[in-house]
Amino acid sequence: MRILTASDRALLVEAADLDEAMRLNLAWEGLPGVVERVPGARTVLVRFDPLRVSATELARTLAATEVDAAHPSGTGEVTIPVQYDGEDLDEAASALGVSAEELVNRHLAADWRVAFSGFAPGFGYVVSSDPLFDVPRRSSPRTRVPAGSVALAGPFTGVYPRESPGGWQLIGRTDAVMWDIDRDPPALLSPGTLVRFERVRDAARLGAAHVGRNGDGPARARRVAEQHAAADADAPGFGTASAVEVVRPSLQLLVQDAGRPGFAALGVSASGAADRRAMRDANRAVGNAAAAAVLESVGGAVLRFHGAGVAVVTGAIGALALTGAEGIARPILHGEPFATFDGDELTLGYPDRGLRYVIGVRGGVDAAPALGSRATDTLAGLGPEPLSAGVVLPIGDAASHPVEPGAVPRDLPASGDLVELEITLGPRHDWFTAEALQVLTTQEWTVTPRSDRVGIRLRGEVALERSVGGELPSEGAVTGAIQVPPDGQPVLFLPDHPLTGGYPIIGALTYRSLDLAGQLPPGARLRFAVQVRSAG
């Protein structure tokens, strides 16, 4: 095996093939110091805690692993009804040198199993032993692929669990629910599951077909309604509990906390606050646990407090105003906790420096959790919905942690400022020319407006040129990864990035650079500086 540096807290292990990658992934269950494993088509991404194990020690342990040659055992079986009427069915069949009908028949006859999960929660990479299925991705990805689309790419079949962009070849559609947070397990297609596809010629009959472990949609809807009713019961008008109301949302106003690490096997990324330092500073200032839920605001917003409490604003720097119910404004300082009274309105001006405000309240934002976290994952659709005007969020019980007011001042960038971010090279820097590696670290890159919590799209005068052509089999990616699509203009992954991807990653931000990346406004300029680190 080959062990590559994926970041200063992750290694990427290359296996001989998919089966070996699956066996290695299982063999490393419970390995000391390992935080999470993300299997790919021929790789396993291993994230580790550097306080428990060094990259060198871990690489030595991984390299010495002896794996069982037996085939990984299955974890159940599901049947998925499919109407084979996809837009790319004829094109995919032509690329494989068969008719559309033969492609469908062989898809139905093959024995399929889920190799690994990634891209989005509930998206399983399903592989068979039929050598026919090795289909190139579309040359131009679609910006919108409907939920339930059955698609092919490389040796895999996949079913899109929700509407999203995608470059796979669409051959059909299903109404099987790929992901249901109230189902156990939430993913219909979890690693090791055996899969059988069943043809349905009439779309009206899809709902009547057998779908294995499919969830109960109406029951889930009732449970969601019950959760909302419970939250409303704690809001103003239903008692004396404190709450915060959205009067005017920002460009993006979300609930965030420390995220939900540990669910990579389900295709779920950690997500969480884009600026973890700002979240910790806010919670310490109001006496919460460091990872309590906060509000994360891109740009200005207006919030109204119900009941008495304590709040603080950290992260981005801009004009702040707190106006009481009587119309009198009181001064507040960035990073310093302030008392709130019933009817007070907090106005956040558009940031002068940085991008994301963090608003902490004593007791924490008490939104409904998903997989143990209140974080909103915008790519996966997990956690509370983005907040709109009129939404009222209850505040939890008053915290009892020590108050640590006075966040250390930070030099956050404004649009046009030059910022240096530290990176490690790899794991696929050898896919690029020597000139591209020089351009990466000497050229200035500009943050474009086409950026969000999934990733920051960068623009440079000179694109990064590859020395290796073709497609890269899907493999794991870390937060902070610098992925390079075919146009050579990098994308810097933020917390809501897909777990796996097929474009080469030339490098990744170091852990200490991630918070600053979350505060980069459009127009900011970047330079990357390489931290030299060996995996051993």
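Residues numbered from 1 in each chain as written. Predicted model: local features only at pLDDT ≥ 70, side-chain atom pairs only at ≥ 80, totals over all residues. Heavy atoms only, no water.

Attention now goes to the packing of helix α3 (residues 89-96) against helix α4 (residues 100-109). Look at α3 against α4: their axes get within 8 Å of each other, and the N-to-C directions meet at 90°. Considered as vectors, α3 and α4 are oriented roughly perpendicular to each other. Taking contact as the criterion, the partners of L89, D90, A92, A93 and L96 in α3 are, on α4, A100, L103 and V104. Taken together, the residues of the contact of α3 with α4 sort by class into 7 nonpolar, no polar and 1 charged. (Axes fitted to C-alpha atoms, helices over the stretch in contact; angles between N-to-C directions. Helix = DSSP H or I, 4+ residues; strand = E, 2+ residues; numbered from the N terminus. Parallel < 35°, antiparallel > 145°, perpendicular 65-115°, else oblique. Contact = heavy atoms within 4.5 Å. Nonpolar A, V, L, I, M, F, W, Y, C, P; charged D, E, K, R; others polar.)

On to the confidence of the model for the protein, then. Predicted confidence across the protein gives a mean pLDDT of 89, with 90% of residues reaching 70 or more. Below pLDDT 50 for its whole length, residues 208-240 participates in 43 contacts with residues either more than four positions away or in separate chains. (pLDDT = per-residue confidence, 0-100.)

Pairing is mixed in the open sheet, where 7 strands are placed in the order β5-β13-β6-β7-β10-β9-β12. If you trace the sheet from one side to the other, it starts and ends with β5 (77-82) and β12 (169-173), each paired once. Averaged over all adjacent pairs, the angle separating strand axes in this sheet is 35°, with direction ignored. Note: strand β6 (residues 112-117) against strand β7 (residues 124-128), 5 bridges, orientation antiparallel. Within the sheet, the bridge partner assigned to F116 lies in β7 and is Y125. (Pairing = 2+ DSSP bridges.)

A few words now on the pairing of strand β4 (residues 43-48). In terms of burial, β4 is largely enclosed, as 5 of its 6 residues are buried. Pairing of strand β2 (residues 10-14) with β4 involves 5 bridges; the strand directions are antiparallel. The residue of β4 that forms the bridge with E14 is T43. Between strand β3 (residues 34-39) and the antiparallel strand that follows it, β4, lie 3 residues. (Buried < 20%, exposed > 50% of the residue type's maximum accessible area, 1.4 Å probe, protein only.)

Attention now moves to the side chain of R260. Considering the arrangement of structural elements, one finds R260 in the loop between β15 (252-256) and α6 (276-286). One buried charged residue, R260, remains without a salt bridge, the closest side chain of opposite sign being D377 at 4.9 Å. Engagement of the side chain of R260 in a polar contact is seen with the backbone oxygen of S373, the distance being 3.0 Å. Among the polar contacts made by the side chain of R260, one reaches the main-chain carbonyl oxygen of A375 at a distance of 2.9 Å. When residues no more than four places from it in sequence are discounted, the contact partners of R260 are V268, S269, A270, S271, A370, L371, S373, R374, A375, D377, L382 and G383. (Lys, Arg positive; Asp, Glu negative; His and termini not counted. Salt bridge = Lys/Arg side-chain N within 4 Å of Asp/Glu carboxyl O. Polar contact = N/O pair within 3.5 Å; in protein donor to acceptor, adjacent residues only side chain to side chain.)

Spatially, 7 strands are ordered β25-β32-β29-β30-β27-β26-β33 in a closed barrel, and the strand pairing comes out mixed. Strand-to-strand twist of the sheet, defined as the mean angle between neighbouring strand axes without regard to direction, takes the value 40°. The sheet contact formed by strand β25 (residues 418-425) and strand β32 (residues 505-509) spans 3 bridges and is antiparallel. Within the sheet, the bridge partner assigned to T424 lies in β32 and is A508. This element, helix α7 (residues 434-442), spans β25, β26 (445-447), β32 and β33 (525-530) of the sheet and lies at about 120° to β33.

A few words now on the pattern of salt bridges. Under the counting rule described, the total for this entry stands at 31 salt bridges. Residue R196 pairs with E198 through a salt bridge whose shortest N-O separation is 3.8 Å. Residue E444 pairs with R525 through a salt bridge whose shortest N-O separation is 2.9 Å. Of this pair, E444 sits in the loop between α7 and β26 while R525 is found in strand β33, placing the two residues 81 residues apart along the sequence. Using a relative accessible area of 28% as the deciding quantity, one classes E444 as partly exposed. You can call R525 partly exposed: its relative accessible area is 27%. Through salt bridges with shared partners, one network takes in R2, E14, R428, D430 and E475.

Where burial is concerned, most of α6 is hidden: 8 out of the 11 residues are buried. Turning to α6, its buried residues are R276, A278, M279, D281, A282, N283, A285 and V286. Contact partners of the buried residues in α6: β16 (294-298), β18 (309-317), β23 (353-361) and α8 (514-517). At the N-terminal boundary of α6, the capping side chain belongs to D275, with an oxygen 3.3 Å from the backbone nitrogen of R277. In the stretch just after α6, G287 is the one whose phi turns positive, near 85°.

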